[in-house]
There are 2 protein chains.
Amino acid sequence: MKTLASYLDGRWQQGTGAPAALVNPATEEPVAQASSAGIDLGQAVRFARDAGAALRAMTFAERGAILAAMAKAIHGARDELLGLATLNGGNTRGDAKFDIDGAAGTLAHYAELGAQLGGARLLADGEAIQVGRTARMGGQHVWAPRPGVAVHVNAFNFPAWGLAEKAACALLAGMPVISKPATATALVTHRLMELFEPIVPRGVLSLLCGSAGDLIDHLRGPDVLAFTGSSDTARTLRGHARVIAESVRVNIEADSLNAAVLAPDVLPGSETWNLFVADVVRDMTQKTGQKCTAIRRVLVPDARFDEVADALRERLTAIVVGDPAREDVRMGPVATAQQLRDVKAGIARLAAATTSITGGTGDIEAVGVPAGKGYFVAPVLRATREPLACDAMNDHEVFGPVATVGVYDGDAAQAATIVARGGGGLVASIYGDDRDWVGAAVAIAAGWNGRLYLGSSKMAAQSPGPGTALPSLNHGGPGRAGDGGELGGARGLHLYMQRCALEGDTSVLKSLIA
Amino acid sequence: MKTLASYLDGRWQQGTGAPAALVNPATEEPVAQASSAGIDLGQAVRFARDAGAALRAMTFAERGAILAAMAKAIHGARDELLGLATLNGGNTRGDAKFDIDGAAGTLAHYAELGAQLGGARLLADGEAIQVGRTARMGGQHVWAPRPGVAVHVNAFNFPAWGLAEKAACALLAGMPVISKPATATALVTHRLMELFEPIVPRGVLSLLCGSAGDLIDHLRGPDVLAFTGSSDTARTLRGHARVIAESVRVNIEADSLNAAVLAPDVLPGSETWNLFVADVVRDMTQKTGQKCTAIRRVLVPDARFDEVADALRERLTAIVVGDPAREDVRMGPVATAQQLRDVKAGIARLAAATTSITGGTGDIEAVGVPAGKGYFVAPVLRATREPLACDAMNDHEVFGPVATVGVYDGDAAQAATIVARGGGGLVASIYGDDRDWVGAAVAIAAGWNGRLYLGSSKMAAQSPGPGTALPSLNHGGPGRAGDGGELGGARGLHLYMQRCALEGDTSVLKSLIA
């Protein structure tokens, strides 16, 4: 059995003690194991932090070149990585591409940004302003790298993209990274670190395979802790004594009941209608619904409910579920036995408060796997006539191929109020071609979401769908979603930098950001 | 005795139970009292939050007009407010102007920004970008008002400016405010609320005089909690169960061991030298050293130590301490008996680790007050030859007219390393005319500070000094300073807004931010 070592303190290290098993979620067979027990994480943090001085001394262009090399390394091992994602993640080839190509694409995006930022080390934040009686006395805001280490605790669903999207921003900003993937799906991440190790300066990127142990206990004020995962773990991290005592900067990307709203002007069979139906089905089934950005709540005008239910039922029942390595399979298993239990419990909670459109409670016989094996669940679409009152729909993220349709009266404000009932989300999508209606919904929904995807006939042909977190657009949301923000081009660097107002003689300020 | 009511739930309310006394810190005579016991703070929060819809429906220009009216109201009652600041805050007239005029000026600054932003309700965040194959599929980041209430917990040292600088940003962003001043010096704040009440829409601005009670227990995800004060209270607020559970956004402005660095090129008697000496003396004595931005640590090249000590001693011993209402008095008392105890304890801790340049341990006979009365302390300047090793100098903010001079070897990196030893600060100042030297210090210090004031001969004639937090420049710092950020022009609005990426047809995006 392969044992995944950690790359910490500038060397590969095996933990002691009983390792955790990584399995193939389609067959439940073990594929690797990992343990971090006994590794000196305090030393790992200090080593990474000390590597920061050399990274901060590099220009943005030099840091960008590291990211470009990382992207190239992924591309060179693409087929191998796709295979590992299927083996350990239950990904279909399409799902695996979404993760692996997304990782390479995000690194390439930030590599390009680094090249654009060029020879600077401070990132200008706006223009110089006059703060004295004459133009001679000025102010210039800059972003400077934080003199600490960035600790990244990632979720199981994106073992490649999760590392890459956080590391791209932190490294380009000038902070060394310790990345901790979810152990259950760390096979891909471990292979990435093997690929990156020869091309990244020593200490600048570390990988912790296995439990996080006492990692957080070693953080200090200038460090950054970025987490993607459940609200429960987010609360534990945010309230961690060390984090509170040292004002460690924390970014959270947590639960999100992402809504898709169909506006009343959208007619069945129209381009916008088709986009809406395709997006809901893709988001429910891509990566078996295990995307933090996936649509969980579908809001449709009362008058359109039957047609929406029919269209979605027809598409969802055609989805072949089974061994993700097979070409005819469209949806694989969820990633772990615990995820399956959680998804089934979530469906049961929904079932008590809603009616079934398709999939019932998710039981299914999967194609191409040993009978009774694998963490499979069918696409499940539920319905409620009272979405505002339905706690199960609005308060509990079911992290699988599960969504609920709720009806509203066609009013933009009512639709947006139901969107807001989710308590803050990563993304909401609004499908409509009536600009005034869309504008009224946006006015209410924008304060509750980190991204609003506006589906319309004009962009239907080239839309990436709401479920795709693009490197150029903000990823993160308020409230329940954790009140964080990542990506968004240069905005993604700010988490890892200190905003500093330089105040003084204007010509001095100019020379400092040249 | 005057009892300060709170303005909550749209009406003036008196608390029950034993009130806390507000005193004249120069005489220890009571001047007012306040209690919030028995007031329904849950209802106060809901009422304020509900007022948000009307505020969010206003344009930036309309919200700015409210701020302009508030600034005008302060101006109209200026002399009365200056008198109250002297009576309850121990402020000299100059100190009182710094607070009161600062409040009006900050409101006026944001009123003007509102006028500039005009008829919009969403704040554009950068330019539109292409995210699809063609320019038709685009992205546009915006800032949208958070649909909650902003709770402001302010410090005792700026009863007017503290309310104004936070409220200006929140109200212009579109969030209603509940402001809670420190009870000890709330006389000025209470009068401000009386002035504002007739000119601010109902529910948009509330004032809590007395204890915060269970105020924080009523906050939710979209709300914002902004605090200025001690690190201890900051930790309590940041770790509050409700704040953690709901991802309430928190901004902290806490302890800061602000450093002033004299570069080795600065010759005694030069313009830059004179600016440095004047800034250190002003920061130590203005508001009796009770400014979060005040210089606490003075770093000078070894070769200049004697001349610096002589210059500062000469100025500081000339400061007349006593009744702040007297024209010949340059420095009044600290604000409360507790502050005096804390300052004296801080001086004692410093005295155990440093030598005295002037002021010894701060004992003084104050001018014009009853013998033995008032919370007076002399300007105290201490010295150490080993600033990096001096915990008392670097770890404990003494919130009074107290600073410590440390020597360094003239190297920019060493000076910046001692600056960083403070663990993160609001502002550091660097005095020098050698741009390379200043640039080398900035490269290290920028990541540790929210503002770097670069004193030089070119700007000496029009410098506001490092201790003045300008509305156009960032105010806040990493680590020990709380890792927050306020002001900085439009940047100050972001705390109260949600960044949202709008994604869709470019012409739709354009119409939304028009």
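Structure: see above.
Bear in mind that the values here come from a model prediction, so they are computed numbers and not experimental data.

(A) Examining the overall build of chain A more closely. Regarding its fold elements, chain A presents 17 helices and 22 strands. For chain A, the C-alpha radius of gyration of 23 Å lies close to 24 Å, the compact-globule estimate for 514 residues. Oriented by its inertia axes, the alpha-carbon framework of chain A measures out at about 65 × 65 × 40 Å. A buried classification covers 66% of the 514 residues belonging to chain A. Pairs at least 24 residues apart make up 76% of the contacts formed inside chain A by residues separated by at least 6 positions.

(B) Structural view of the nonpolar core. Of all hydrophobic cores here, the largest spans 86 residues; its most connected members are A:Phe276, A:Val300, A:Leu312, A:Trp437, A:Val442, A:Leu452 and A:Leu454. Setting aside anything within four residues of it in sequence, one finds A:Leu452 in contact with A:Ala428, A:Val442, A:Ala445, A:Ala446, B:Cys500, B:Ala501, B:Leu502 and B:Glu503. Within the second largest apolar cluster, 85 residues are counted, among which are B:Met331, B:Val377, B:Ala392 and B:Val427.

(C) Structural view of the packing of aromatic side chains. Residues and elements named next belong to chain A. Applying the stated criterion across every chain yields a total of 16 aromatic pairs over all chains. When the centroid spacing of 5.3 Å and the interplanar angle of 70° are considered together, the rings of Phe276 and Tyr431 count as edge-to-face. Within this pair, whereas Phe276 is found in helix H10 (residues 271-285), its partner Tyr431 is found in strand E18 (residues 428-431), the two being separated by 155 residues in sequence. You can call Phe276 buried: its relative accessible area is 0%. According to the relative accessible area criterion, Tyr431 is buried, its value standing at 0%.

(D) Quick look at the interface of chain B and chain A. Between chain B and chain A, the contact holds 70 residues from the first and 70 residues from the second. Between chain B and chain A, a total of about 5,900 Å² is buried, with carbon and sulfur atoms accounting for 59% of that surface. Sorting the residues of chain B by area buried against chain A places B:Gln462, B:Arg491 and B:Glu503 first, and these three jointly supply 13% of that buried surface. Counting across the chain B and chain A interface gives ten salt bridges. Note that B:Asp483 and A:Arg249 form a salt bridge whose closest N and O atoms lie 2.9 Å from each other. Between chain B and chain A we count 34 residue pairs in polar contact (both at pLDDT 80 or more) in total. The set of elements that each furnish at least two residues to the side of chain B that touches chain A consists of strand E6 (123-130), strand E7 (137-145), helix H8 (231-238), helix H9 (241-246), helix H15 (435-445), strand E19 (451-455), strand E22 (497-505) and helix H17 (506-512) of chain B. At eight residues, the largest contribution of residues to the side of chain B that touches chain A is made by E22(B).

(E) Expanded view of the relation of the copies chain B and chain A. For the pair chain B and chain A, the superposition axis carries a translation of 0.0 Å, the fit reaches an RMSD of 0.0 Å, and the rotation angle comes to 180°. Here the symmetry operator amounts to a two-fold rotation axis. Considering only C-alpha atoms, the part of chain B nearest the rotation axis is B:Gly239, at 2.8 Å. The fraction of interface residues of chain B whose copies in chain A are also interface residues reaches 100%, indicating that both copies meet through the same surface.

(F) View of the pairing of strand E8 (residues 150-153) of chain B. All names here are of chain B. Burial of the side chains of E8 extends over both faces: Ala150 and His152 are buried on one face and Val151 and Val153 on the other. As defined by bridge partners, E8 adjoins strand E9 (residues 177-180) across four bridges and the pair is classed as parallel. Looking at the pairing, Val151 lines up with Ile178 of E9. The β-α-β motif built from E8, the intervening helix H6 (residues 161-173) and the parallel element E9 has right-handed crossover chirality.

Conventions adopted
- Residues numbered from 1 in each chain as written.
- Chains lettered and ligands numbered in written order.
- Predicted model: local features only at pLDDT ≥ 70, side-chain atom pairs only at ≥ 80, totals over all residues.
- Heavy atoms only, no water.
- Helix = DSSP H or I, 4+ residues; strand = E, 2+ residues; numbered from the N terminus.
- Rg over C-alpha atoms; globule rule 2.2 N^0.38 Å.
- Buried < 20%, exposed > 50% of the residue type's maximum accessible area, 1.4 Å probe, protein only.
- Contact = heavy atoms within 4.5 Å.
- Core = buried A, V, L, I, M, F, W, Y, C linked by side-chain atoms within 4.5 Å.
- Phe/Tyr/Trp six-rings, centres within 6.5 Å; stacked < 30°, edge-to-face > 60°.
- Buried area = accessible area lost by both parts, 1.4 Å probe.
- Salt bridge = Lys/Arg side-chain N within 4 Å of Asp/Glu carboxyl O.
- Polar contact = N/O pair within 3.5 Å; in protein donor to acceptor, adjacent residues only side chain to side chain.
- Least-squares fit on C-alpha atoms with pLDDT ≥ 70 in both.
- Pairing = 2+ DSSP bridges.
- Right-handed = clockwise from strand over helix to strand, strands pointing away.

It is worth stressing that arrangement in space is one thing and function is another; only the former is reported here.
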